[in-house]
Every structure is written in C-alpha cells, then in structure tokens.
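Here is how the chains run, residue by residue.
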Amino acid sequence: MGADPRFFPTRGPIALAAIAQAAGVSIDGDGDRLFDGVAPLTDAGPQDVAFLEGRRMLAALRETRAGAVFVAAGAVKDVPEGCIALVTEAPQLAYARVASLFHPLPAPVPGIHPTATVAPDAVIGEGTEIGPYAVIGAGAQIGAGCIIGALASVGAGCVLGAGSVLRSHASMEHCIAGAGVVLHQGARVGNEGFGFVTTKTGQHVTVPQIGRVILGDGVEIGTNSCVDRGAGGDTVLGPGTRLDNLVQIGHNVKTGRGCVIVAQVGIAGSVELGDYVVVAAQAGLAGHIKVGPQARIGAQAGVMNDVPPATDVVGSPAWPARETLRAFARLRQLAATKRDGTSGETP
Amino acid sequence: MGADPRFFPTRGPIALAAIAQAAGVSIDGDGDRLFDGVAPLTDAGPQDVAFLEGRRMLAALRETRAGAVFVAAGAVKDVPEGCIALVTEAPQLAYARVASLFHPLPAPVPGIHPTATVAPDAVIGEGTEIGPYAVIGAGAQIGAGCIIGALASVGAGCVLGAGSVLRSHASMEHCIAGAGVVLHQGARVGNEGFGFVTTKTGQHVTVPQIGRVILGDGVEIGTNSCVDRGAGGDTVLGPGTRLDNLVQIGHNVKTGRGCVIVAQVGIAGSVELGDYVVVAAQAGLAGHIKVGPQARIGAQAGVMNDVPPATDVVGSPAWPARETLRAFARLRQLAATKRDGTSGETP
Amino acid sequence: MGADPRFFPTRGPIALAAIAQAAGVSIDGDGDRLFDGVAPLTDAGPQDVAFLEGRRMLAALRETRAGAVFVAAGAVKDVPEGCIALVTEAPQLAYARVASLFHPLPAPVPGIHPTATVAPDAVIGEGTEIGPYAVIGAGAQIGAGCIIGALASVGAGCVLGAGSVLRSHASMEHCIAGAGVVLHQGARVGNEGFGFVTTKTGQHVTVPQIGRVILGDGVEIGTNSCVDRGAGGDTVLGPGTRLDNLVQIGHNVKTGRGCVIVAQVGIAGSVELGDYVVVAAQAGLAGHIKVGPQARIGAQAGVMNDVPPATDVVGSPAWPARETLRAFARLRQLAATKRDGTSGETP
C-alpha cells in the first residue's frame, strides 16, 4: 500500500520503463508494466516499488510483496520470486528519484492570498505563491517560483532566491538567501543573538547585533530551528547545508558546503565548520572552535576544542572516537571490580 | 490565596460535600462548608483546599492555613488543628479533580472568527471554536467541540477528533488525530523529516517523506515540540502518550500507549517504544532501537541499544542504572587518588 | 565595512567627540573627525570604530584598518599606527554604547495595523506599535512605547510594561510582565506545564495549571524558548534575567535577578536560582533544586543536587569543576593503560 492519496496525490500509474529511466537503472523485459506508487518493503504490494539500502531490512526484502525493488547487486539473491530486481549502486537514491516521480513536491500556485500583507515596495517573482496571513516586509525581494506558507514572514530588506520555500509559521529577517532554500515550519532565521555585556553592577547591556544571515543555495533549516544573525559580520551557512529540527546556530557561525546538523544540536557563536561536516543529534560545540572538513561529531558530544579534518570525535568533553570508547570500556571494567582489585558483582 | 481570577475564573464557592464527591473521599461533619478555590500549601487560606503528595512539603503541611487538605493516611497526624484532613490514597489526583471543579478548562465558544480562513470543503464539527487568523486547509475534518487557537493551522486533508485543542501558533499537517488530542502553543506535527541521500559528490538529495502522523486519543504535544511525519509508512503516537516541550520525534517513530516524553528529549527515526515508557528530560535515543514497555530512561541518557521491558537505564552511553551509578562512584574515587594509588586531595 | 544599511540604517556620520562621550572615554585631538559606523576589527575601514576585548583577536587588532578602536590599556601598544586608541576598562561595553548610537533599535511606529485583532476592552499604551495579524486578548494591558510584532499574541488579562517588545510569532498568556521585557521570535510564555497524575491503570490525568508567569523588568526570552506558567503559584523570572534560544523553563521555577540561561538549557519545575546565576548551554537542572547566587553551571552539565553560592559545577551528574576535570583526566590515563597497569597505545 502506497502513500495516502489524501495527502500525497499520485502521478501514477507509471510504466516501469519511465521508472527505470528516472532511477538510472537498466531493465530487461516488461517496460510497459504499470506501477501505482512506492512503499516500504513491509507494506508494498505488486503495484508498488520499494528499495533496500544496507542490510537492516534484509528479512523484509525476502518477504516483500513489492512488484519491484531497488537493490544493490549483493542483495539480488534475496529478491523474492516474481519481484523485479532493479540493480543499482545507490538504491535509496534511486527510490528518491522515483518517489519524486509519483509524488512531486507541490508546485507553487502563483498568486498572493487576499489575506496576505505584502509591502508596496516588495518585489515578488513570477509564479510565486504567497499564503494566508503571510507578511512580506518593506523592500523584500522574493524570487520566482517560491512558496511562502501560511502565517510565515519575510522581514524588510530580505532577499530570497528562486524556488525557495518558507513553510507555515516560519520567519526570516536580516537575511540574504540563495535559490532552493527551505525554511521548515516555525524555523526562525535572522534573530538577535545572545549578545550582551555585563557591567560591574550585574546589569546586562545588549550589544546591538548588526550582522546578517547568509544562506547558500539549497540550504534547509529544520522545524523550529533558530539561526541568529551576526553580531558584526554575518552568520553564513554554505550551499547545501541542512539543519534538522530544534537546532541552535549562534551568531557568526560559518559553515562550508553540505554540512549536516542533526536535531537539537547547539553550535555556539563564531564556530567555523568546513565542508561536509556531520554533527550528530544533541551535540554541543563551544564558541570559536574550528571543525575541519569531513569531520564527524558524535551524538551528545561536547566539543571544546578544534577538530581536525576527517576526524571522528565523541563524548563530552569530546575526544577522538577510539580513545573515548576505550575509556568507557575501561570504566565499565572498573565498575565491576572492588577497590582492592577483586571482582565485584557481575556487570 | 487561590488562582488569579484575571486568568482563572472560578466556579466557586463550592461546598465541601461536592468537593469530597468530586475527589472520591469521605467526610464527616460540615458538608455545607464553602470553599473558594485551591492553592499550594504555602499560600492557602481557610477558604482554600490544598494537598500533600509525598514528603517533600511535609513542613509546609504542618504550617498550612488551608481550610482542608488532601493527604494520604500517614500524613493525617501532620495536618494542623482546625484544618480538615481529606484522606485519600492519591492526594494529587484528588486535588486535580477538585481544581478542575473550581477552574474547568474553558469550553469552546462555538463559531468561526471572522478573520479565520477555512477552506470551503473543510468540515467543522458542532460546537467547535476557530480563532483569529486560524487556517483550516482543503478537505480538513475537525470534530465536534474542538478549539483551534489564534494563528494555528490545520493542513489539507487532516482529521482531528472531537474535543481536541490546537493552542495558539500550533500547526498540524499530514496528520490523522483522535479525540481529546492537544497540541500546545507552537507545536509542529506532520513536518517533513530529515530524510535525504548524499551522492558521491556530496550533494544532498531529499527523499520524499510520504508518510503521515497518527495521534491516538488523548495524545498531547508540548510547546514548540516537533513530530515528523513518516518517510514511508507512519509516525504513530499511541493513545494517552504525552510529550513535554521542545521534544523532537523523528520520522516513523512508534510509541505504545501512555508514554511520557519529558522536555527536550530527542527520539531518532524508527524507534519503537512500548506502552508506558518514560523518557526523562534531554535524553536521546538512537535510531531503530526498541524500548520495552514500562522501561524508564534517565535524564540526559544516550540510548544506543534496545532496552528490555521494565528496565531503568541511565548515562551516555546508557547502561542499566545500578551499573552506571557504580561506575560514577568508582570514577570519583579514582579522581581522589594519585596514579600510584595513594590518596590525593580530599574530594 | 559597517552594517548593511538595507537592514541597519545608520544615524552616522557621527563625530569622534560624541562617540567618546557616549562611550565614556577621553580623547585628545580631533573630536570633529567623522565616523560612519562600527565594524569588527577584521572588516573595519578608516571610517569605522572597532573594539578589542580580551586577547583572542589580538592579531586582528594589529592588522586592523579601523579608524579608531576601543581597547583596554594593556593593548594600546598593539593598536596600529594611524588608528586612534580609545582606552577603556570595558571595550565591549563602550562598543555597545556606540553601536547603539549609530544603529539605535527601531522605535515603535505608533498605531495598530489594520489587520491586527485587538479586544475592545484591551488597553494599549501611548506610542505603542501593534503589527500585522497580532492578537491582543480581552482585558490585556499593554504599556506605552511597546512593539507587538507581526503574528504575535498577547493573551487575555496579560499585563506588559512600558517599552517592551514581542517579536514576530511570539506568544504570552497568563503573564504579568514588567517594563523593557523582550520576547524574541517564537518565544512562548505562560503555557500549560507538564503536570499530570498517572492513575493505577496508566491513565494520565491533567492537573490544572492555575499559576502565572511573572517577568521582572528587562527580562528577555530567546527565540522559540518556552516558559511554563505555575501549577499553583507562579513561575518567576527576576529582573534582568536573560534566556537564550530553545530554553525550557518548567512550572514554578524562580530566578533571582540577572541570571543568564544559555541556549537549549532545561530547568525542571520548582527550581530556584539565586541572583546572577549562569547556566551554560545544554545543561539540565533536576526539579526542586536550589542554586545559590553567582553559581555557574557548565555546558551540558546534569545538576541533580543543590549548588552552593559562587560555586562552579560541571559534568553529568554535576560535581564541583575541579573534581570533575581531574576525574576525566584520570579516566583518560586509564584508557591508555592495560588492565595489568602497563601502558597501552599512546593516547
């Protein structure tokens, strides 16, 4: 059973030949066979296309009723009789292409909802959709083919590139964004960062935060995530960088391209990430550190120091991964021994 | 002194007999005595009803000026002279019943605010209240006696059961919800999960997220919390499950009934929780793990592996509680010794 | 190069004499020299004023092209030839004063946007600005010179003191707030806390949350942060206390004045913080503990017990800082040794 048509209208049925072409795989035989949609291995029927990436769902593959499955070469032997094996190096990517064929993202419905408030000098690109109660500020420039969702807001002077999306309740201000940028529901970009000075008498005096946020092409900001503008100079997220939900990005953070920041991560001010850095869920990065390209930071890590390129760190405080795991194992042994070295309870 | 009438209008005064009946306790004597409201032990006056659960506030009980107090049998001796002891096994539950008597949740004011935008084919149940700037999408079905707060949104095709509430700024989409569901302010349900594939050249390609969110009866989603829809197949929260604030629920998570997820917890995709699992504040659960019914996960835990039923785990990485606490104690001892085993500074 | 005038209009150029006066520094010579704005050391040109606080940016100071720089006395020797050294004990504070001179916070534009919904009995102070789609509830009292941003909401009965700001999408309810209070974008104040009782059959029964939130003068609540109202009695944030983004404050928390709560901190119900407590990013505080004035809680700490005044704690569970750091160092040593005490791999 495929996607609920109430939420995901389908362009199907689609012939196997077109499916194979979209996925970049070759087929022999029945290119005219029709498929209705995509589905997970466990739910799929003979009119659905599924996929297997890795080994976790191997048992599900062996029992799937899917009509066709994207698999890597090594899993072909596990494809059930009667199910078409579509062989590819990258099954999930192939699936993504085909899912988009059946369920393309809704195109903008060009026009400005009568309840939207658009400043007279704002510039709205051709084919852009502006939803109910959206607010577009003075001098804002919104590119072609964008979607501004219900109750979302674009602040004065902002620039948003073509094909970008603000989902409902999202807000951007003090921001220059490229093309294909997505702010998910409730995302907040361009807010005033946590910048103040404390006097000798304990009074906190705000330091005006007069920088901006620069979002590269294809940047995505997750649901209810926050990206503070620069204190002086900008906060910059490189092209293709993606933030998951409930992430905090402090003022003047700079990332390279294609970084992946998972849910509930906090990155303090002025941190610099190189290209393709991955920061796993709930990790925290202290201010001003530099993380080299392709470094990977473990879930819940607390990173206090620079991280070299292509290095994995875990733990709080974060150490290189192998060392931390050895320390935890050692601690576990110690917990099982008494102070005099004899064994205690079995762990 | 009871609740501020500016915010919490009272149905009082109410007679002790009615109070006792609502609470399921027995009284002797003055059932006609009138009470004005409820209050904490430290603030209560002779016209207020208070409660003591556990021992933490025992000193406050001994000095309370409350007119009546719900207590367990063992605390009756600590109830001051002149204060009526209302004996019950569950004092806080009794208090909750009586607080609701004095301050019932505001009933919906039936009707659609003139500024709300409701799609022509949306179905709005009898007695439902729709507030200012609320947005109800095409084909949405909202049950009877619901409240949709100001600036909240219900996406196209959604179903919301009777007696449900969306507080201000909340949003739901791609969602089927049962009866008595509550989305608190800024809660975001049905968002696109963090699903993409990275090509060999580092480009992130979104995998269409074509599942839904299914919320059982009585589910509550806390303020600014996020529940992502399924990638394929659904994200499912079982009846009575409650999420606190700033929680992240990833795509395809499934919970049993009555789970309790405290503030700022993150649960990665495809995790399965059994019935009545408790996850304490700021814990993180790695993807695809299974947590058995009635397991309890400690605050700030980092759970990487399956958790058996009725098991307590703490720490990051999480181990069974007793083992972790022993490890920390051992580590503390070691910190107090020098490398040669002699004692260092007094910890 | 100074701030982007598209977002930060400038009151410049401003003469050095006025700059010095605002900053409380003395100058000799050219008080008539004009400056255009402020900028970071690395970006500043001859018409900009910059600052150096501490030593981190010392190299940038030596190479700056800024026309004038606020520095402490010890850094005067590092100020380049031709750049005016403005000597002060507190360079960043001086910079803040001057940045505000060039880029004052936008004053309210008095008036109520035609799309705003204001209850007939709400009281709006003189000179207050109410933005598009803002919702002001019955009997709310908003002071003079406030700004209520687009799509923000003030609930029935609330009181907001003079010169306060709700940025876009923020919400307050069940709240009494002083003067100069700021709720940043998407901040949520006065929500129902996570209060319920679980019956023997596993049903969660909500305990009515009939307290309020009291915000002292100058309190700031960060983007998408949450402050729950009291269960009975109030949640109180003392004057000048500042919350960063994505912070969770549970019901009945009480803070003294000037506390600093950094991003993604979670403070459970009924915690009490003294004056000037600092809680670093992602820390968690267990319910009902007391933290003495001027204590400092480390990033990612897990605080289970009371903290004495002026004490630093780190770690999870949190111990006094020196002890924790020694424990981690010891653990690191152990990780580098084998079980028999001989050295393993070099850490």
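Since the structure is predicted, the reported quantities are computational estimates derived from the model, not experimental observations.

If you tally the helices and strands in chain A, you get four helices and 39 strands. Oriented by its inertia axes, the alpha-carbon framework of chain A measures out at about 80 × 80 × 30 Å. Of all intrachain contacts in chain A linking residues separated by at least 6 positions in sequence, the fraction that spans at least 24 positions is 19%. In the structure as shown, chain A presents an accessible area of about 13,400 Å², 55% of it carried by carbon and sulfur atoms. Averaging the coordinates of the 25 positive side-chain charges in chain A and doing the same for the 29 negative ones gives two points 9 Å apart.

Before going further, it helps to spend a moment on the domain arrangement of chain A. Under the domain assignment, chain A is made up of domain 1 (14–102) and domain 2 (111–322). On a C-alpha basis, the centroid separation for the pair domain 1 of chain A and domain 2 of chain A is 36 Å.

What follows deals with the sheet that holds strand 20 (residues 188–191) of chain A. Residue and element names in this part refer to chain A. Spatially, 10 strands are ordered 8-11-14-17-20-25-28-31-34-37 in an open sheet, and the strand pairing comes out parallel. This sheet does not close on itself; its edge strands, each paired only once, are strand 8 (117–118) and strand 37 (302–303). As defined by bridge partners, strand 20 adjoins strand 25 (residues 226–228) across three bridges and the pair is classed as parallel. Bridge pairing in strand 25 places valine 189 opposite valine 227.

In this section: the relation of the copies chain C and chain A. Least-squares fitting of chain C to chain A yields an RMSD of 0.0 Å, with the superposition described by an axial translation of 0.0 Å and a rotation of 120°. The transformation just described matches what one would write down for a three-fold rotation axis.

Residues and elements named next belong to chain C. Contact pair helix 1 (residues 16–23) / helix 3 (residues 91–102): the axes reach a minimum separation of 8 Å and the direction vectors enclose 130°. Classified by the angle between their axes, helix 1 and helix 3 sit oblique to one another. Relative to helix 3, helix 1 is oriented so that their crossing is right-handed. Residues Ala18, Ile19, Ala22 and Ala23 of helix 1 form the contact with helix 3, whose own contacting residues are Ala94, Arg97, Val98, Leu101 and Phe102. Its residues placed into classes, the contact of helix 1 with helix 3 shows eight nonpolar, no polar and one charged.

So, on to the sheet that holds strand 5 (residues 68–71) of chain C. Residues and elements named next belong to chain C. Here four strands make up an open sheet; going across it, the order is 3-4-5-6 and the pairing parallel. Since the sheet does not close on itself, it has two edges, and those belong to strand 3 (37–38) and strand 6 (84–87), each with one partner. One ladder, built from four bridges, connects strand 5 with strand 6; its direction is parallel. For phenylalanine 70, the partnering residue across the bridge sits in strand 6 and is leucine 86.

All right, on to the relation of the copies chain B and chain A then. By a simple turn and slide, chain B fits onto chain A: the slide is 0.0 Å along the axis, the RMSD is 0.0 Å, and the turn is 120°. An asymmetric contact is evident, with only 19% of the interface residues of chain B recurring at the interface of chain A.

Another aspect to go through is the side chain of C:Ser225. Locating C:Ser225 in the fold gives a position in the loop between strand 24 (220–221) and strand 25 (226–228). Only 2.9 Å separates the side chain of C:Ser225 from the backbone nitrogen of C:Leu246, close enough to count as a polar contact. Each residue touching C:Ser225, except ones within four places of it in the same chain, is listed here: B:Asn224, C:Gly186, C:Ala187, C:Arg188, C:Asp244, C:Asn245, C:Leu246 and C:Val247.

For the rest of this paragraph, the subject is the pattern of salt bridges. All names here are of chain C. All told, the structure shown has 31 salt bridges over all chains when counted by the stated rule. Here arginine 62 ties to aspartate 78 by a salt bridge, and the two come within 2.9 Å at their closest N and O atoms. Of this pair, arginine 62 sits in helix 2 (residues 58–62) while aspartate 78 is found in the loop between strand 5 and strand 6, placing the two residues 16 residues apart along the sequence. We note a salt bridge from aspartate 234 to arginine 212, for which the minimum N-O separation is 2.8 Å. Taken together, the residues span a long stretch of sequence, with aspartate 234 in the loop between strand 25 and strand 26 (235–237) and arginine 212 in the loop between strand 22 (204–206) and strand 23 (213–215) at a distance of 22 residues. Since its relative accessible area comes to 16%, aspartate 234 is described here as buried.

What follows covers unusual backbone geometry. The linkage connecting A:Gly12 with the following residue, A:Pro13, adopts the cis geometry, with an omega of 0°. For the bond from A:Ser316 to A:Pro317, the omega torsion is 0°, close enough to zero to count as cis. With respect to the helices and strands, A:Pro317 occurs in the loop between strand 38 (312–314) and strand 39 (319–320). One non-glycine residue, C:His288, lies in the positive phi region at around 70°. Relative to the assigned elements, C:His288 resides in the loop between strand 34 (284–285) and strand 35 (290–291).

A word on the interface of chain B and chain A. Chain B puts 73 residues into the contact, and the matching count from chain A is 61 residues. For the pair chain B and chain A, the two sides together bury roughly 5,000 Å², of which 58% comes from carbon and sulfur. Per-residue buried area on chain B facing chain A is highest for B:Phe194, B:Ile210 and B:Arg330; these three make up 14% of the total on that side. Between chain B and chain A we count two salt bridges in total. Linking chain B with chain A are 22 residue pairs in polar contact (both at pLDDT 80 or more), by the criterion used here. Elements with a contribution of two residues or more to the side of chain B that touches chain A: strand 18 (175–177), strand 20 (188–191), strand 21 (196–198), strand 22 (204–206), strand 25 (226–228) and helix 4 (321–335) of chain B. If one sorts the elements of the side of chain B that touches chain A by residue count, helix 4 of chain B sits on top with eight residues. Class assignment of the residues belonging to the side of chain B that touches chain A gives a composition of 31 nonpolar, 31 polar and 11 charged.

Residues and elements named next belong to chain C. Here helix 1 has its buried residues at Leu16, Ile19, Ala20 and Ala23. Buried positions in helix 1, seen along its axis, are confined to an arc of 95° and lie on one side of it. On its buried face, helix 1 is in contact with strand 1 (14–15), strand 2 (34–35), strand 4 (48–51), strand 5, strand 6 and helix 3. Of the residues one or two after helix 1, glycine 24 is the one with positive phi, at around 70°.

Rules used in this analysis
Residues numbered from 1 in each chain as written. Chains lettered and ligands numbered in written order. Predicted model: local features only at pLDDT ≥ 70, side-chain atom pairs only at ≥ 80, totals over all residues. Heavy atoms only, no water. Helix = DSSP H or I, 4+ residues; strand = E, 2+ residues; numbered from the N terminus. Contact = heavy atoms within 4.5 Å. Areas by Shrake-Rupley, 256 points an atom, 1.4 Å probe, with all protein chains shown as cover. Lys, Arg positive; Asp, Glu negative; His and termini not counted. Charge placed at Lys NZ, Arg CZ, Asp CG, Glu CD. Domains from an automatic or database assignment. Pairing = 2+ DSSP bridges. Least-squares fit on C-alpha atoms with pLDDT ≥ 70 in both. Axes fitted to C-alpha atoms, helices over the stretch in contact; angles between N-to-C directions. Parallel < 35°, antiparallel > 145°, perpendicular 65-115°, else oblique. Left-handed = near helix turned anticlockwise from the far one by under 90°. Nonpolar A, V, L, I, M, F, W, Y, C, P; charged D, E, K, R; others polar. Polar contact = N/O pair within 3.5 Å; in protein donor to acceptor, adjacent residues only side chain to side chain. Salt bridge = Lys/Arg side-chain N within 4 Å of Asp/Glu carboxyl O. Buried < 20%, exposed > 50% of the residue type's maximum accessible area, 1.4 Å probe, protein only. Buried area = accessible area lost by both parts, 1.4 Å probe. Arc of directions from axis to C-beta.

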